[in-house]
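# Geometric and topological summary
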Amino acid sequence: MVGVGILGAGLLLSACATQPPPMAGRELPGFLYGLLHGLIAPFSFLYSLISDTRVYAYPNPGRWYDFGFLLGVSAWGSGGTTVVRR
């Protein structure tokens, strides 16, 4: 019962999350940047442990960046599903 309360509180608080406004003169990262950021995500994560770097770009335009990021990250996992037949 406590877990359900914590989960509910977390969902309620996450509804308040916003992105910072974009900087003037800078273009928002789109699909191709999302794909690139997804491909380098494991290295970005390791670097973020020792520096103030984010793995995921913000602000971003939304769904196309998310889709590119998802494709890039999923490229890392596809090698584990190949079957070698002899």
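Residues numbered from 1 in each chain as written. Predicted model: local features only at pLDDT ≥ 70, side-chain atom pairs only at ≥ 80, totals over all residues. Heavy atoms only, no water.

## Points about the environment of Leu 39
Relative to the helices and strands, Leu 39 resides in helix α2 (residues 31-39). Measuring from C-alpha to C-alpha, the distance between Leu 39 and Ser 74 comes to 8.4 Å, with 35 residues separating the pair along the chain. (Helix = DSSP H or I, 4+ residues; strand = E, 2+ residues; numbered from the N terminus.)

## Examining the packing of aromatic side chains
Applying the stated criterion across every chain, the model contains 4 aromatic pairs. On the basis of an interplanar angle of 85° and a centroid distance of 6.2 Å, the ring pair of Phe 31 and Trp 64 is categorised as edge-to-face. Taken together, the residues span a long stretch of sequence, with Phe 31 in helix α2 and Trp 64 in helix α4 (residues 63-77) at a distance of 33 residues. The partly exposed category is assigned to Phe 31, whose relative accessible area is 29%. When its relative accessible area of 59% is taken as the criterion, Trp 64 is described as exposed. Here Phe 31 and Phe 67 contribute two aromatic rings whose centre-to-centre distance is 5.9 Å and whose plane-to-plane angle is 25°, an arrangement assigned as stacked. Of the two residues, Phe 31 is situated in helix α2 and Phe 67 in helix α4; the sequence distance between them amounts to 36 residues. Clustering of aromatic rings is evident, with ring pairs tying together Phe 31, Trp 64 and Phe 67. (Phe/Tyr/Trp six-rings, centres within 6.5 Å; stacked < 30°, edge-to-face > 60°. Buried < 20%, exposed > 50% of the residue type's maximum accessible area, 1.4 Å probe, protein only.)

## Here we look at the environment of Asp 66
Position of Asp 66 relative to the elements: it lies in helix α4. Separated by 10 residues in sequence, Asp 66 and Tyr 56 have C-alpha atoms that sit 9.3 Å apart. Contact partners of Asp 66, with chain neighbours within four places excluded, come to Tyr 56 and Asn 60. (Contact = heavy atoms within 4.5 Å.)

## What about α4?
For an α-helix, the turn length of 3.6 residues means that residues three or four places apart are oriented alike. Taking 1.5 Å per residue as the helical rise, α4 with its 15 residues ought to reach 21 Å, and the 21 Å between its terminal C-alpha atoms agrees with that figure. Taken as a whole, α4 has its buried residues at Tyr 65, Gly 68, Phe 69 and Gly 72. Angularly, the buried residues of α4 cover 100° about the axis, an arc narrow enough to put them on a single face. Turned more than 90 degrees away from the buried face of α4, the exposed residues are Arg 63 and Leu 70. (Expected span 1.5 Å × (residues − 1). Arc of directions from axis to C-beta.)

## Observations concerning the side chain of Ser 48
Note on placement: Ser 48 falls in helix α3 (residues 41-48). In terms of polar contacts, Ser 48 uses its side chain to reach the backbone carbonyl oxygen of Phe 45, at 2.6 Å. Residues within four places of Ser 48 in sequence aside, it is in contact with Thr 53 and Val 55. (Polar contact = N/O pair within 3.5 Å; in protein donor to acceptor, adjacent residues only side chain to side chain.)

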